[in-house]
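# Secondary and tertiary structure notes
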Amino acid sequence: MEDQTDKLEKRLHFGADLVEKGNLGKLYSKIFNLENNKLMHAFDVPNLEHLQNNFHIVDDVPGYLDAQIHKMPGRLKLKKVDTYEGSFINISKYGNITDYLNAEISSQRRSTIKRCAKRLDLCLRPKYQMYYGEMAKSDYDRVFDHCIKMLLRRHEQKKTYWAELEYWQERYDNLYELVQQKKACIYVIYHEEQPISIYVNSVHQDILDIDVIAYDIDYSKFKLGFITLVKVIRWAMENNFNLIDMSKGDFFYKERFRTGTYTFQRHIIYNPKKLLFSIKAILSLQKSRLLYYMLSVLKKWKINKLYQAYIRARKKNLFEKINVEHHTFEVEKDVELPADSMLELVNIKNPKYSFIKKEFLDFLFLSFGNANEVEVYKVKPLEKTFYFKAEKTTQKLTYN
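Note that the coordinates shown come from a computational prediction; the quantities given were computed from them, not determined experimentally. (Residues numbered from 1 in each chain as written. Predicted model: local features only at pLDDT ≥ 70, side-chain atom pairs only at ≥ 80, totals over all residues. Heavy atoms only, no water.)

## So, the pattern of salt bridges
- Applying the stated criterion across every chain yields a total of 20 salt bridges.
- In this structure, D206 engages K38 in a salt bridge whose closest nitrogen and oxygen atoms are separated by 3.4 Å. One end of the pair, D206, is in the loop between β9 (194-204) and β10 (207-215); the other, K38, is in strand β3 (residues 38-42), and 168 residues separate them in sequence.
- Under the relative-accessibility criterion, D206 is labelled buried at 5%.
- For K38, a relative accessible area of 32% corresponds to the partly exposed category.
- Here the salt bridges do not stand alone but share partners, grouping R153, D216, D218 and K357 into one network. (Salt bridge = Lys/Arg side-chain N within 4 Å of Asp/Glu carboxyl O. Helix = DSSP H or I, 4+ residues; strand = E, 2+ residues; numbered from the N terminus. Buried < 20%, exposed > 50% of the residue type's maximum accessible area, 1.4 Å probe, protein only.)

Here it is as structure tokens:
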């Protein structure tokens, strides 16, 4: 039988290539979680010849994991380079979600999340679903279809770019089986049958890695990102996870919810007795240190924003089919409806009215209205005038 160790690539990602594919033992002997002093993995020594005759670079090793290479004195060496900062939530310190929120989240933000969650239930009567171990392929396809559309629409709105979008097909191809194997999970909030908020997560023993966050920007008033994160944290606690890895990136929500930070590492693994490998290791080490130092400087000077804009311009074809309409709306609150002869009842679910969907959802939030009970009218002579009628209030909307 062919030795599978020989198929290990030379340039690897710690999560995607080693953890998800079960290849950790081909390079590492032990993995410790330094946050709870727990031994997560212990592996026997694999093919020694392969390890001695190959040069490996492993990216994105979380700093809270002590990943130890196989002990072969003089025949294998590990060099580490600090790369990006990551964030995590150590939930093992808390008995339940209430304890965590009270300890880590300000009273004002807790109040906002609670208010928005109640308003979401009142206005939309959503369905909350965690897919973990079982997921119909039809649900998987629908969730993924909405997820990419929501991501693209959000990045088009912000004029930003996320490199992972280029690997979306690969993620789609691999994730379904991982969900079935409980190596990944997907949390979804549905409004009727449509996903409006999605968290895609990887699972590594008692660690939950948040990989993808997507939400419908029309529902922004409801703070879906915060609500979904709290739901995911609660689920993780109830299912005996100890740590939630929020990965890299400086985002507002991470600063508010994390309990700690760590540094990602690049591991350079080689045989020091081979001169070529030693030279490659020194060059790779110096190149990596210089690269990540320069990235930190460019970030400090905000030059990285220009680079991101340049990359986005090169990838503009990804956004060609994404339409983020920009209208200026004039709102008049607590008005009277015109005569019935001037009004036409419209179905807000009709795609032709998608450009006022956000205004409609904002009205639901502010009026405590339910999506299935609020009526939407168009003034027939004036194509650019609409009315939202709830039980206790009516709003006039005019756009240009």
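## Points about the sheet that holds β3
- Here we have three strands laid out as an open sheet, ordered β3-β2-β5, and antiparallel in their pairing. In the strand order of this sheet, the two ends are held by β3 and β5 (65-69), each with one partner. Across the sheet, the mean angle separating the axes of adjacent strands is 15° when strand polarity is ignored.
- One ladder, built from four bridges, connects strand β2 (residues 28-33) with β3; its direction is antiparallel. Residue pairing in the sheet places I31 in a bridge with H41 of β3. (Pairing = 2+ DSSP bridges. Axes fitted to C-alpha atoms, helices over the stretch in contact; angles between N-to-C directions.)

## Some details on the side chain of E359
- Mapped onto the elements of the fold, E359 is located in helix α11 (residues 357-367).
- Within the buried core, E359 has no salt-bridge partner, and the shortest N-O distance to an opposite charge, that of K358, equals 5.0 Å.
- Not counting chain neighbours up to four residues away, the residues in contact with E359 comprise F329, F388 and L397. (Lys, Arg positive; Asp, Glu negative; His and termini not counted. Contact = heavy atoms within 4.5 Å.)

## Section: the environment of R154
- With respect to the helices and strands, R154 occurs in helix α5 (residues 137-158).
- Given the relative accessible area of 28%, R154 is considered partly exposed.
- Note: C-alpha distance between R154 and N347 (193 residues apart in sequence) is 25 Å.
- The residues touching R154, leaving out its near neighbours within four places in the chain, are Y215 and I217.

## Description of unusual backbone geometry
- Not every positive phi belongs to a glycine, and N37 is a case in point at roughly 60°.
- In this structure, N37 sits in the loop between β2 and β3.
- With a relative accessible area of 69%, N37 lands in the exposed category.
- Notably, R125 is not glycine yet its phi reads approximately 50°, a positive angle.
- Its place among the elements puts R125 in the loop between α4 (107-124) and β7 (127-131).
- The exposure class assigned to R125 is exposed, which follows from its relative accessible area of 56%.

## Observations concerning the nonpolar core
- Grouped together as the largest cluster of nonpolar side chains are 56 residues, with contacts concentrated most on Y100, L124, L208, I233 and F257.
- I233 has contacts with I89, I91, I97, Y100, I244 and F257, leaving out every residue within four places of it along the chain.
- Grouped together as the second largest cluster of nonpolar side chains are 27 residues, Y131, M150, L152 and V212 included. (Core = buried A, V, L, I, M, F, W, Y, C linked by side-chain atoms within 4.5 Å.)

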